[in-house]
Amino acid sequence: MTEHTGDGPRVGVRVRFAPSPSGDLHVGNIRTALYDWAFARRTGGTFVLRIEDTDQTRVTQEYINSALDTLRWLGLDWDEGPEVGGPYGPYLQSERMASYADWAQRFRAAGDAYYCYCTQEELAERRAAARAGTGGGPTGYDGHCRDLTPEQVAAYEAEGRAPVLRFRMPAGSTTFTDLVLGEVTVDHAHVPDFVLVRADGSPLYTLAVAVDDVLMKITHVVRGQDLLSSTPRQIAVYRAMGVAEGEFPAFAHLPYVLGKDGQRLSKRNGVVSVNWYRHEGFLPEAICNYLALLGWSPGENRESFTLAEMAAEFDLTRVRPNSAQFDAVKLEAINGDKIRGLDPADFVSRITPFLQGAGLAADPVTEQQAQLIEAGAPLIQERISRLTEAVGMLGFLLTGEAEFAVDPGDAAKVLTPDAAPVLKAAEAALADVTPWTAEAIKDALHQALVEGLELKPRQAFGPVRVAVTGRRVSPPLYESIELLGRDRTLARLARALTPPA
Ligand code: GLU
């Protein structure tokens with residue numbers, strides 16, 4: 001046994017989120033981050049962010065930056081970690097290699113780990129033979145190099161073999177009380193000696209994660225159930241580090257997130273990238289609210305809450321152990337609710353970047369654009385479930401007359417020859433409406449089209465809507481016309497009446 005350098009009093013809860021960003025963070029990662037964060041906030045503890053980037057072929061700086069950006073955007077602020085620092089840094093595993101190497105050597109010196117010289121081919125051959133012998137059951141490392149004699153070692157070294165370092169998993173079993181799953185016991189017959197350090201000297205996940213959790217004084221490991229199988233190994237490494245039994249971090253393994261097909265959620269059965277949702281106009285508060293529900297809900301099964309409410313009420317012991325199904329339709333419904341709940345000025349500031357991205361507004365917005373957006377926003381806030389919809393809905397208002405174009409599909413369906421008399425009558429009716437208010441516009445159009453031409457409202461207002469807003473789906477028509485103004489409205493009606501050259 002080697003001494004434990006992570007000792008000293010533990011002050012409060014320290015929980016970490018430890019992603020290996022080899023792409024955009026996915027909804028499962030974020031559900032974990034959210035629970036980690038909420039648990040830290042609820043307990044007044046410390047939320048530690050650690051980036052597990054020992055596999056630098058997969059985890060790039062770009063993905064790390066994007067992960068930090070995503071977490072910040074969601075409001076999951078960390079107390080220690082990249083960019084904010086902290087007393088147990090560095091918080092990138094790639095900068096902590098010396099401590100993994102140091103602990104690896106201590107384990108070897110203490111007999112908790114040994115060099116294994118088996119080649120991949122030899123391992124595969126013996127595994128195949130063992131599988132044949134056991135009728136196909138799982139077979140792990142067979143302990144071939146556990147107790148090599150100095151002569152055997154010398155012979156392998158003479159052959160020029162580069163060894164891996166393996167952990168010597170003791171006989172017996174590991175039992176721990178998972179805060180979500182309850183008591184878990186794993187027989188070590190299912191936990192073969194595992195590799196800590198590759199032949200090239202690079203550390204593996206189990207070594208780095210255990211060493212860091214001890215050195216960073218982590219008190220709670222809250223993570224996905226996919227990592228459950230590494231827990232007995234991790235506990236064995238804690239023991240080898242000299243951590244006392246009562247001092248191991250507590251574990252909480254969160255339920256799987258499944259796709260609609262009941263399989264683990266992946267690119268194949270759903271959209272998993274949180275950045276995709278961000279770019280599609282989902283609010284961070286909707287994403288957090290929805291993902292929180294994948295395994296937890298506050299009292300009285302309330303389904304709508306804020307991050308602050310979650311931070312006040314989150315309780316790990318109320319996390320459900322059974323798998324949760326990701327439902328994009330429900331996420332979108334929650335997004336619509338959250339959009340409706342924004343205060344009007346906030347709504348304007350949320351849609352503006354999407355309008356700018358679509359080229360409908362300058363960056364920064366001009367005074368005139370700001371006025372139009374502010375005036376148009378209340379017309380759509382109740383009607384959209386993604387911020388991106390603002391582009392289609394407000395485009396008519398923000399597009400200059402020279403660029404304005406009617407959606408060709410909608411034009412083909414609605415601006416048929418039958419529409420010409422309707423548009424003409426609308427033009428005449430609107431030419432001298434006073435005052436130019438939605439109310440007066442409504443009365444004038446009703447009189448001219450529904451009473452005058454004896455049309456059903458759909459036949460009457462469909463062509464006017466498409467001619468004026470360019471689309472069959474628009475904000476409320478009379479208010480839209482009011483905002484657009486008389487000149488622009490009449491110009492668009494006239495244009496719709498002119499057959500294309
Ligand atoms: N880095 C691991 C992953 O992203 C998680 C480590 C942990 O939480 O123990 O899968």
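Placed above this text is the structure.
Procedures and definitions
- All residue numbers refer to positions counted from 1 along the written sequence of the respective chain.
- Totals for whole chains, interfaces and linings use all residues, but because this is a predicted model, local features are given only for residues with pLDDT of at least 70 and pairs of side-chain atoms are given and counted only at 80 or more.
- Note that water and hydrogens are dropped before the side-chain values are worked out from all heavy atoms of the structure.
- By nonpolar core we mean a set of buried residues, namely Ala, Val, Leu, Ile, Met, Phe, Trp, Tyr and Cys, connected to one another through side-chain atoms within 4.5 Å.
- Type-normalised accessible area, obtained with a 1.4 Å probe on protein chains alone, sets the label of each residue: buried when under 20%, exposed when over 50%, and partly exposed for intermediate values.
- Only DSSP runs of H or I reaching four residues or more are called helices, and only runs of E reaching two or more are called strands; each is numbered from the N terminus.
- Contact definition: two residues touch when any of their heavy atoms are within 4.5 Å.
- In what follows, salt bridge is the name for a side-chain nitrogen of Lys or Arg lying within 4 Å of a carboxyl oxygen of Asp or Glu.
- Two strands qualify as a pair provided that DSSP identifies no fewer than 2 bridges between them.
- Each axis is a line fitted through C-alpha atoms, and for a helix only the stretch in contact is used; angles between axes span 0 to 180 degrees, taken between their N-to-C directions.
- A pair of aromatic rings is counted whenever rings of Phe, Tyr or Trp (Trp by its six-membered ring) have centres within 6.5 Å, and the orientation is called stacked for planes under 30 degrees apart, edge-to-face for over 60 and tilted otherwise.
- Whether a charge sits over a ring depends on NZ of Lys or CZ of Arg being within 6 Å of the ring centre and within 35 degrees of the ring normal.

Undergrad: Hey, could you run me through the nonpolar core in this one?
TA: Counting 106 residues, the largest nonpolar core has Phe 326 and Ile 351 as its most contacted members. Considering each element in turn, this core owes the most residues, nine residues, to helix α1 (residues 27-43). Among all residues touching Ile 351, those that are not within four sequence positions of it are Ile 373, Ala 377, Ile 380, Leu 387, Ala 390 and Leu 394.

Undergrad: How should the pattern of salt bridges be read in this particular structure?
TA: A complete count under the given rule lists 30 salt bridges for this structure. We note a salt bridge from Arg 41 to Asp 79, for which the minimum N-O separation is 3.0 Å. In this pair, Arg 41 is assigned in helix α1 and Asp 79 in the loop between α2 (61-74) and α3 (97-110), connecting sequence segments 38 residues apart. With a shortest N-O distance of 4.0 Å, Lys 260 and Asp 327 are connected by a salt bridge. With Lys 260 in the loop between β10 (257-258) and α8 (274-279) and Asp 327 in the loop between β11 (324-325) and α11 (328-341), the pair connects residues that are 67 residues apart, well separated along the chain. The network of salt bridges with common partners includes Arg 16, Arg 50, Glu 52, Arg 96, Asp 212 and Asp 213.

Undergrad: Can you help me understand the sheet that holds strand β7 (residues 195-197) in this one?
TA: Taken together, three strands build an open sheet; the order of strands is β3-β4-β7 and the sheet is antiparallel. Single-partner strands in this sheet number two, and they are β3 (113-116) and β7. Strand-to-strand twist of the sheet, defined as the mean angle between neighbouring strand axes without regard to direction, takes the value 45 degrees. Examined bridge by bridge, β3 and strand β4 (residues 164-167) share four bridges and lie antiparallel to one another. Within the sheet, the bridge partner assigned to Cys 116 lies in β4 and is Val 164.

Undergrad: When you look at the packing of aromatic side chains in this model, what are you seeing that I'm missing?
TA: Centre-to-centre distance and the angle between the planes together describe a pair of aromatic rings. Inspection of every chain in the model, using the stated rule, returns 15 aromatic pairs. A centroid spacing of 5.1 Å and a plane angle of 85 degrees characterise the contact between Tyr 277 and Phe 282, whose relative ring orientation is edge-to-face. A relative accessible area of 4% means that Tyr 277 is categorised as buried. Judged by relative accessible area, which is 3%, Phe 282 ranks as buried. Both rings, one in Phe 461 and one in Tyr 478, keep their centres 5.8 Å apart while their planes meet at 90 degrees; by these two values the pair is edge-to-face. Of this pair, Phe 461 sits in helix α18 (residues 457-469) while Tyr 478 sits in helix α19 (residues 477-484), and the two are 17 residues apart along the sequence. An aromatic cluster is present here, built from Trp 276, Tyr 277, Phe 282, Tyr 290 and Phe 326 joined pairwise through their rings. Geometry around Tyr 35 places Arg 31 over its ring, the cationic atom sitting 5.5 Å from the centre. Sitting over the face of the ring of Phe 404, Arg 492 holds its NZ or CZ atom 3.7 Å from the ring centroid.

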